[in-house]
Amino acid sequence: MTTNPKYIFVTGGVSSSLGKGIIAASLAKLLQAQGYRATIQKLDPYINIDPGTLNPYEHGECYVTDDGAETDLDLGHYERFLNVPTSQANNVTTGRIYQSVIDQERRGEFLGKTVQVIPHITDEIKRRIQILGNSGDYDIVITEIGGTVGDIESLPYIEAVRQLEWDLGEHNTCVIHLTLVPYLSAAGELKTKPTQHSVKTLMESGVQADILVCRTEHKLSDSLKTKLARFCNVKKEAVIESIDASTIYDVPNLMLKEGLDKVVLNQLQLKSDVPDLEQWNEFLKRHKNPKSEVTIGLIGKYVELQDSYKSILEAFIHAGAENEVKVNVEPIHSEYLSESNIEFKLGHLDGVLVAPGFGERGIEGKIAAVQFVRENNIPFLGICLGMQMAVIEYARNVLKLPEANSVEMDDKTADPVISLMASQKGVTNKGGTMRLGTWDCKLEQESIAHSVYNSELITERHRHRFEFNNDYKSLFEAAGMKATGFNPETGLVEIVEIPTNDWFIGVQYHPEYKSTVKNPHPLFIAFIEAALKYNKKK
Ligand code: GLN
């Protein structure tokens, strides 16, 4: 659509957690719906190479791309909104930038020069920003800069933006500054001063915001917009209100109403059109007008923090809309689950999802939960660690192997029903060394999986180190737990089911990463269907 790629930068001011990712994804959606090929990239100013080693309490869920990159959860929003896969190039951290510059230095590529933040680090940032644009796959690249302007660690990124604006020339870049306009209830007023200051901070680094997106709990009056425009040196139509929404999926329409896409396209001297949001709005209609409801228990150890299971929660929203069902997700802390309270905590549920996870904390609660749902024939979906827990529970309580465990939890267990692949045995580095990204999975006929996917060969994304131990496969199958999906190259078991139950399935992969508004994940759709059926039967 365009001759050269255009670049939009999204910076944040005043406070963190204003939702830069959602604004970026919503804008991209509006541009995509006008025929532009848009992608979004997240630059994270922390030193970790990627969020793969971060605890979910620190940074929420780690999202995994097809190419096996462990990335920021905002990439999940990008994919869910755009239905276009992201890759390693869509998420860059300061750690990664420094690592490549230091590697170049060790190879002697700087020819004796002193290596410095400017130009070497900023050049590497600029190169990373332009990788997507130079690929020829996109007309518009939106780069979201993590953190808040004024943070020491964001400075090289803002400097790179300043330089790129010069390098790329007029009408090829656009800077959107997302800020907060707080409401002071004592004064009964919305306040613009924090925004004025954050725009000023940005200007101190030589970057002038072109557009302000103002997060607010109340509508911005015309005079307040005029004031913000005047004090912050932007056009009045470039002051965009972003009022709190009941669902993130409303934000593209809210931004459309405010004209964000028009102002952006105008600045970039690109044609604007009426976006085609028909399918999006159809999804919203179904999401907002459910005909029935189900309650699903989400059993995990990070349940107090919504962001830890972001993709799972969103996949439920997509699958709920598809079924016209409201999905109430009840977070249940696995650490506090025991035989004595399990009936009370799970007895009323229409379905149970045992979540992914790492390490020992809370696993006995997960195992108790699987036993309860298996024995009571409640629809069950186990994801990754959740699938492994289903295998261990079956081994302990049906195969009568009371010591059965995963070697992750007990490396001396007598019955390692979940074990390490030979290729993982010598691995000591934690970062980027798991079984990651897309793997093929062949499905057995006559299985839930086969009927759900309606296909023989599927691909799904992985993020785990431990695997079903095939030495036990025949024992499990003879007792009634079947392996219904496996990787054709390695023979690794990817799916287990109990055909005598109505709907019991554990998957070693992460279906939640691939659920989008346009393509709700079939496994989640079928799980909600099963829960609805169970609810009606109750
Ligand atoms: N801890 C398990 C493993 O590494 C499961 C990982 C997960 O649930 N993502 O195999």
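The rules behind the values
Residues numbered from 1 in each chain as written. Predicted model: local features only at pLDDT ≥ 70, side-chain atom pairs only at ≥ 80, totals over all residues. Heavy atoms only, no water. Axes fitted to C-alpha atoms, helices over the stretch in contact; angles between N-to-C directions. Helix = DSSP H or I, 4+ residues; strand = E, 2+ residues; numbered from the N terminus. Parallel < 35°, antiparallel > 145°, perpendicular 65-115°, else oblique. Left-handed = near helix turned anticlockwise from the far one by under 90°. Contact = heavy atoms within 4.5 Å. Nonpolar A, V, L, I, M, F, W, Y, C, P; charged D, E, K, R; others polar. 1 Å grid on protein atoms, 1.4 Å probe; cavity = no way out; pocket = protein on both sides within 12 Å on 5 of 7 lines; lining within 4 Å. Points joined across faces, edges and corners; volume = space filled by probe spheres on them. UniProt positions renumbered as here; feature names shortened; annotations may be inferred. Polar contact = N/O pair within 3.5 Å; in protein donor to acceptor, adjacent residues only side chain to side chain. Near = heavy atom within 4 Å. Areas by Shrake-Rupley, 256 points an atom, 1.4 Å probe, with all protein chains shown as cover. Sits in = over half its atoms within 2 Å of the grid points. Phe/Tyr/Trp six-rings, centres within 6.5 Å; stacked < 30°, edge-to-face > 60°. Buried < 20%, exposed > 50% of the residue type's maximum accessible area, 1.4 Å probe, protein only. Pairing = 2+ DSSP bridges.

J.: Is there a simple way to explain the packing of helix α5 (residues 117-134) against helix α6 (residues 155-168) in this structure?
T.: Each packed pair of helices is defined by two parameters, the angle between the axes and the distance between the axes. Direction vectors running N to C along α5 and α6 enclose 70°, while the axes themselves pass 9 Å from each other. Judged by the inter-axis angle, α5 sits roughly perpendicular to α6. The crossing of α5 and α6 is right-handed. Here Val117, Ile118, Ile121, Thr122, Asp123, Ile125, Lys126, Ile129 and Gln130 of α5 come into contact with α6, specifically with Pro156, Tyr157, Glu159, Ala160, Gln163, Leu164, Asp167 and Leu168. Partitioned by chemical class, the residues of the contact of α5 with α6 number ten nonpolar, three polar and four charged.

J.: Can you walk me through the side chain of arginine 96 in this structure?
T.: Structurally, the position occupied by arginine 96 is in helix α4 (residues 94-106). Ignoring sequence-local partners within four residues, the contact set of arginine 96 consists of Asn48, Ile49, Asp50, Gln88 and Arg128.

J.: Hey, could you run me through empty space enclosed by the protein in this one?
T.: A water-sized probe, rolled over the atoms, reveals where empty space remains. Counted by the stated rule, this structure contains one cavity of 30 Å³ or more. For the largest cavity, the calculated volume is near 40 Å³. Where the lining of the largest cavity is concerned, the elements lending two or more residues are β2 (38-44) and α3 (74-82). At three residues, the largest contribution of residues to the lining of the largest cavity is made by β2. Considered class by class, the residues forming the lining of the largest cavity number six nonpolar, three polar and no charged.

J.: Looking at this model, I keep getting lost on the UniProt feature "binding site: L-glutamine" (unreviewed entry) in the protein chain. Mind explaining?
T.: The positions that UniProt labels "binding site: L-glutamine" (unreviewed entry) are, in the present scheme, Tyr57, Gly357, Leu385, Gly386, Met387, Gln388, Glu408 and Arg465. The annotated residues occupy 409 residues of the chain and do not converge on a single region, their most distant C-alpha atoms lying 22.6 Å apart. Lining residues of the second largest pocket, restricted to the annotated ones just named, are Gly357, Leu385, Gln388, Glu408 and Arg465. The topology assignment puts arginine 465 in the loop between β19 (457-464) and β20 (466-468). Contacts of arginine 465, omitting those with residues within four sequence positions, involve Leu420, Gln424, Val427, Asn429, Lys430, Thr433 and Met434. A distance of 3.4 Å separates the side chain of arginine 465 from the backbone oxygen of lysine 430, its partner in a polar contact.

J.: Any chance you could explain the UniProt feature "domain: Glutamine amidotransferase" (unreviewed entry) in the protein chain here in plain terms?
T.: UniProt records the feature "domain: Glutamine amidotransferase" (unreviewed entry) for residues 305-529 in the present numbering. With 30% helix and 26% strand, residues 305-529 has end C-alpha atoms that lie 27 Å from one another.

J.: Just checking my understanding: could you explain the site of the ligand for this structure?
T.: The ligand sits among Pro356, Gly357, Phe358, Cys384, Leu385, Gln388, Glu408, Arg463, His464, Arg465, Phe466 and His510. Between an oxygen atom of the ligand and a main-chain N or O atom of leucine 385, the distance comes to 3.0 Å. Here an oxygen atom of the ligand and a backbone polar atom of phenylalanine 466 are 2.8 Å apart. Summarising the interface, the protein chains cover 99% of the accessible area of the ligand, which totals 300 Å² for the free molecule. Among the detected pockets, the ligand sits in the second largest pocket. Of all the elements in the fold, those that place two or more residues in the shell around the ligand are α15 (385-397) and β19. For the shell around the ligand, the per-class residue count stands at five nonpolar, four polar and three charged.

J.: For this particular structure, what's the right way to read the packing of aromatic side chains?
T.: For any two aromatic rings, the description comes down to two numbers: the centre-to-centre distance and the angle of the planes. One pass over the full model with this rule turns up 14 aromatic pairs. Seen in terms of ring centroids, phenylalanine 81 and tryptophan 280 are 5.0 Å apart; in terms of plane orientation they differ by 55°. Their pairing is tilted. Taken together, the residues span a long stretch of sequence, with phenylalanine 81 in helix α3 and tryptophan 280 in helix α11 (residues 278-288) at a distance of 199 residues. Classification of tryptophan 280 as buried rests on a relative accessible area of 4%. For the ring pair tryptophan 503 and phenylalanine 527, a centre distance of 5.4 Å and an interplane angle of 25° mean the geometry is stacked. Of this pair, tryptophan 503 sits in the loop between β22 (493-497) and β23 (504-507) while phenylalanine 527 is found in helix α18 (residues 522-537), placing the two residues 24 residues apart along the sequence. The same class applies to tryptophan 503 and to phenylalanine 527, which are both buried. In this structure an aromatic cluster arises from ring pairing among Phe81, Tyr249, Trp280 and Phe283.

J.: What am I meant to see in the side chain of threonine 65 here?
T.: Position of threonine 65 relative to the elements: it lies in the loop between β3 (63-64) and β4 (70-71). A polar side-chain atom of threonine 65 sits 2.5 Å from a polar atom in the side chain of aspartate 67. If we skip the residues at most four places from it in the chain, threonine 65 touches Thr71, Leu75, Glu79, Thr86, Ser87, Gln88, Gly437 and Arg461.

J.: Could you clarify how one ought to interpret the sheet that holds strand β15 (residues 380-383) in this entry?
T.: Ordered by their spatial adjacency, nine strands build an open sheet running β13-β12-β14-β15-β23-β22-β21-β18-β19, and the pairing between neighbours is mixed. In this open sheet, the two strands that pair with only one neighbour each are β13 (325-333) and β19. Within the sheet, the average angular offset between the axes of one strand and its neighbour, ignoring direction, is 30°. Looking at chain direction, β15 and β23 are connected through four bridges and run parallel. Counterpart to phenylalanine 380 in the pairing with β23 is phenylalanine 504. Relative to the sheet, α15 contacts β14 (351-354), β15, β22 and β23, its axis offset from that of β15 by approximately 115°.

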